[in-house]
Amino acid sequence: MIEKVLVPDVGEAEDVEVVEILVTVGDMVAADDSLVVLESDKASMEIPSPYAGKITGIETKEGDQVGEGSLLLEIETESKTEATVEPEPEPGSRSEPEPTPEPETEADTAETTTRIETSKVITVPDVGDAQEIVVAEVLTPQGTQVDEGESVVVLESDKASMEIPSDLAGVVQEVFVGEGDEVKEGDPLVTVVGRVAPDQVNEPVVEKTPVPEDPEYNHEERPADVSRLAPLPQQQDPAITPGGKVHAGPAVRKQAREYGVDLGDVKGSGRRGRVLKEDIQEYVKSRLSRSSDSGGLGIPEVPEVDFTKWGEVEEKPLSRIRKASARNLHRSWLNVPHVTQFDEADITDLELFRKSRNEQLQKEGVKLTPLAFLIKAVVDALIRFPQFNASITKDYDHLILKKYYHIGIAVETEDGLVVPVLKDADSKGVVQLANESAELAAQARDKKLPMDAMQGATFTISSLGGIGGTAFTPIVNTPEVAILGVSRSKVSPVWNGSEFTPRTMLPLSLSYDHRAIDGAEAARFTTYLASVLTDMRKVLM
């Protein structure tokens, strides 16, 4: 008789994926043997056989999306035949002697062995010196079919994460914890109800990692009544099914997606080659180590050094601002392919004009700084070259060109570097730019900057002119694509075509994101900026 095995009620999930087919056509299965593994976005489940018999047809394949009631496979069961009724012998007739019953074979005895239902409470094991353990994920909701050794709960401490396996094959009857709960050693996690042979009821369950030589894994030598899985076809990698699928639970698949790991490249260490979270972590570590050794993306760690071996030291904690700056600069340096374009601007006439205006404005308490003129010139250059007033999208497909001009100004403070933002610089004159930049710098040094005063910059200027230096490479302040560094001006002899004349030259250092800006564009930007600083009348054009 042919019986059909259908997809059972899978709760709220409309469709589930067939991730593994555990049997092949022609296999003999017993009732409750696992046939197919289905997986939704929340859990995976093994579909047990409701009948004992022979697999005659498999109506789905790995990777198919199926819903409740879909046909999975067909099983040929043994049909019950009515016993033949022998006619009673006539009186006086000679009756045939009853045949002697044949002794039962070992296989027959195994077929009729009675299995006893039992339950097992899975508890938190010894987790060493971990002070706080949190339930990171419940892998098997109530009603889930699990195999012995299959993970039921993921626990996390401050040092590691671990998957807790079931000691018993069966069905999860009760779940005692939820995601986010704090637990300790010995706390109950789930209860699993299953059937075992009578001689196993009182035996202690011992956790072990089975190996291929374990008789438990030899289908040929196992009694028929405890055989749960039909033998899988021979394959090179036990972690991958014939259809190319990988044995892994939802939590592991999610972790692999987050890390960008192809599960097919990971060798599983779990039961039947199932990939565990630890396998993903080890794979990532090995790839990073390999990349580091070969000069790739991996960053080799700086060795810890005991400096007290050579003399007295003092350990000074970093300020909160310096810590934040360190993280931001490190992130920018690692993610942005930096290139720096160096140039000089002749600011001889600009300095003469600035100083003469300061003499006139001194009575009003206004002081024009070189930075104010620099901001004005930079905004003019950004309007002419909009790709410098932009950000690049994460997929590198587009530039986001900004129609506003908010200039960040790097300010040195006792606690570290702070970058207040001068908003709408394109709509302000030089005097207003001078006043606002001075006010922002004073607020930064007095630790009175509001949070919104340090957000929204489209381009940054880092000026070291008051300190010294000839040139430097500033780090792009992502998500901006460029930053201008300014060093101390100096008087240099410049050839004017007929003779050398003393001119005041201002060194410019433009660092830019090479993903968004080409070298030729950077050269044009600094050349134009230098020309504007040489003759500020160009801003009026």
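Look up a bit, the structure's there.
Figured I'd write up the structure that's included with this text.

Criteria and thresholds
- Residues numbered from 1 in each chain as written.
- Predicted model: local features only at pLDDT ≥ 70, side-chain atom pairs only at ≥ 80, totals over all residues.
- Heavy atoms only, no water.
- Salt bridge = Lys/Arg side-chain N within 4 Å of Asp/Glu carboxyl O.
- Buried < 20%, exposed > 50% of the residue type's maximum accessible area, 1.4 Å probe, protein only.
- Helix = DSSP H or I, 4+ residues; strand = E, 2+ residues; numbered from the N terminus.
- Core = buried A, V, L, I, M, F, W, Y, C linked by side-chain atoms within 4.5 Å.
- Contact = heavy atoms within 4.5 Å.
- Axes fitted to C-alpha atoms, helices over the stretch in contact; angles between N-to-C directions.
- Parallel < 35°, antiparallel > 145°, perpendicular 65-115°, else oblique.
- Left-handed = near helix turned anticlockwise from the far one by under 90°.
- Nonpolar A, V, L, I, M, F, W, Y, C, P; charged D, E, K, R; others polar.

Take the pattern of salt bridges next. What the rule picks out here adds up to twelve salt bridges. Between Lys61 and Asp64 there is a salt bridge whose closest N-O contact spans 3.2 Å. Its relative accessible area of 53% is what places Lys61 among the exposed residues. With a closest N to O distance of 2.9 Å, Asp415 and Lys447 form a salt bridge. In this pair, Asp415 is assigned in the loop between strand S21 (411-413) and strand S22 (416-418) and Lys447 in the loop between helix H7 (430-445) and strand S24 (459-463), connecting sequence segments 32 residues apart. A cluster of three or more residues bridged by salt bridges with shared partners is formed by Asp346, Asp349 and Arg503.

Another aspect to go through is the nonpolar core. With 52 residues, the main nonpolar core has Ile375, Phe388, Phe459, Leu484, Phe525, Leu529 and Leu533 as its most contacted residues. For this core, the elements supplying multiple residues, two or more each, are helix H5 (348-361), helix H6 (370-384), strand S20 (407-409), H7, S24, strand S25 (482-486), strand S27 (500-513) and helix H8 (519-534). Examining the composition of this core, we find that nine residues originate from one element, H6, more than from any other. When near neighbours in sequence (up to four residues on either side) are disregarded, Leu529 contacts Ala377, Val378, Ala381, Leu484 and Leu508.

Moving on: the packing of H6 against H8. Where H6 contacts H8, the two axes come as close as 9 Å, and the packing angle between them is 135 degrees. As far as their axial angle goes, H8 and H6 are oblique. H6 and H8 meet at a crossing whose hand is right-handed. Judged by residue contacts, Phe373, Leu374, Ala377, Val378, Asp380, Ala381, Leu382 and Arg384 of H6 engage Phe525, Tyr528, Leu529, Val532 and Leu533 from H8. Taken together, the residues that form the contact of H6 with H8 break down as eleven nonpolar, no polar and two charged.

Geometry only, nothing functional implied.
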